[in-house]
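If you want the building blocks of each chain, they are given just below.
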Amino acid sequence: TPLLEVKGLTAVIAETKQEILKGVNLVVHQGEIHAIMGKNGSGKSTFSKVVLVGHPDYEVTGGSVVFKGENLLDMEPEERSLAGLFMSFQAPIEIPGVNNIDFLHMAYNARRKKLGEPELGPLEVLGADLAILDEIDSGLDIDALRDVAKAVNGLLTPKNSVLMITHYRRLLEVIKPTCIHIMEDGRIIKTGDSSLAKVLEEKGYTSISAE
Ligand code: ADP
Ligand code: MG
Ligand code: MG
């Protein structure tokens, strides 16, 4: 059975009712590394915020999100975290890579504390069943990015699943995804293996949306 199953997810901006997610389908199994790529403004962060925390800026208008057999959309942010979801928000430009990992570590230990379990070392930071990392590479120079990617790689075990959201291919050269999804205008318009990142780099996003 899938770890995470998103079916026909639609969501609007709560205030204006403008539809941002227009029917997202996605299935993640245990141990898989998925990447969502796409142009700026395609809805990647909205997707992560809706799935991970049920962010109040958005209203889910249709579809379903099932995590470990449970309806995630019914859960409070805390319950989602306790259920085994881990999220890192889009990194602010000023945060260098290493601090970003410190942040992951801190956030995870906060979760353990809540569960009454002892703090863990860095190798277990991503002990959550599914980590959704939204543009942890944004604003990093190539060296910092390599450090972050290596650190995340080092944190993974065959049991963890990861959903990486990124605009660039570089992160995916170090953390090799099982598959890559391209998001455009609130939908996943293409799914492929890790070679899709190379096509994107060479031909750009328009080559894919034109297909
Ligand atoms: P991405 O992460 O792919 O860059 P986002 O999910 O951040 O895309 O945004 C998708 C679209 O929705 C963009 O056009 C953005 O301006 C709009 N949007 C997202 N959240 C809000 C919000 N809270 N209020 C107004 N517009 C929003
Ligand atoms: Mg953006
Ligand atoms: Mg974003």
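Parameters and conventions
- What you see as residue numbers is a count from 1 along each chain, following the sequence as written.
- For this description, chains carry letters from A and ligands carry numbers from 1, given in the order in which they are written.
- Under the rules for a predicted model, residues below a pLDDT of 70 receive no local features and side-chain atom pairs below 80 are neither given nor counted, while totals for whole chains, interfaces and linings still include all residues.
- Being near a molecule or strand means, for a residue, that its C-beta atom, positioned from the backbone, comes within 6 Å of it.
- Per the convention used, a helix needs a DSSP run of H or I reaching at least four residues, while a strand needs a run of E reaching at least two, with both numbered from the N terminus.
- Throughout, the ten residues Ala, Val, Leu, Ile, Met, Phe, Trp, Tyr, Cys and Pro are labelled nonpolar, Asp, Glu, Lys and Arg are labelled charged, and all others, Gly among them, are labelled polar.
- Buried Ala, Val, Leu, Ile, Met, Phe, Trp, Tyr and Cys residues form a nonpolar core when they are connected through C-beta atoms within 7 Å.
- Counting other C-beta atoms within 10 Å of its own, a residue is labelled buried from 20 upward, exposed at 12 or fewer, and partly exposed in the gap between, with every C-beta atom placed from the backbone.
- Residues are treated as contacting if the C-beta atoms built from their backbones sit within 7 Å of each other.
- A pair of strands counts as paired when DSSP detects no fewer than two bridges linking them.
- As a per-residue measure, pLDDT tells how confident the predictor is, with possible values from 0 to 100.

*Asks:* Any chance you could break down the site of ligand 1 for me, citing the residues and the numbers?
*Replies:* Within the structure, ligand 1 sits among Ile-13, Ile-20, Gly-38, Asn-40, Gly-41, Ser-42, Gly-43, Lys-44, Ser-45, Thr-46 and Asp-57. A per-element tally of the shell around ligand 1 places helix α1 (residues 44–52) first, with three residues. Classifying every residue of the shell around ligand 1 gives two nonpolar, seven polar and two charged.

*Asks:* Pulling in residues and values, what's your account of the nonpolar core?
*Replies:* Core analysis: the largest hydrophobic core is formed by 47 residues, its most contacted members being Val-51, Leu-130, Leu-163 and Met-164. Here this core gets five residues from one element, more than from any other, and that element is strand β2 (residues 19–28). The contact partners of Leu-163, leaving out residues within four places of it in the chain, are Val-28, His-34, Ile-36, Leu-130 and Ile-132.

*Asks:* Account for the sheet that holds strand β5 (residues 70–71), naming residues and giving values.
*Replies:* A sheet is described by the order of its strands in space; here four strands give the open sequence β2-β1-β4-β5, paired in antiparallel fashion. Unpaired on one side and paired on the other, β2 and β5 mark the two borders of the sheet. Pairing geometry for strand β1 (residues 4–13) and β2, over seven bridges, is antiparallel. Residue pairing in the sheet places Val-12 in a bridge with Glu-19 of β2.

*Asks:* Give a detailed account of the confidence of the model for the protein chain, specifying residues and quantitative values.
*Replies:* This prediction gives the protein chain a mean pLDDT of 80; 78% of its residues lie at or above 70. Considering only residues more than four positions removed or in separate chains, one finds that residues 90–99, a stretch of pLDDT under 50, has 18 contacts. Segment residues 120–125 is flagged for pLDDT under 50; beyond a separation of four residues in sequence, or across chains, it makes 12 contacts in the model. Scoring of the predicted complex yields 0.85 for pTM and 0.98 for ipTM.

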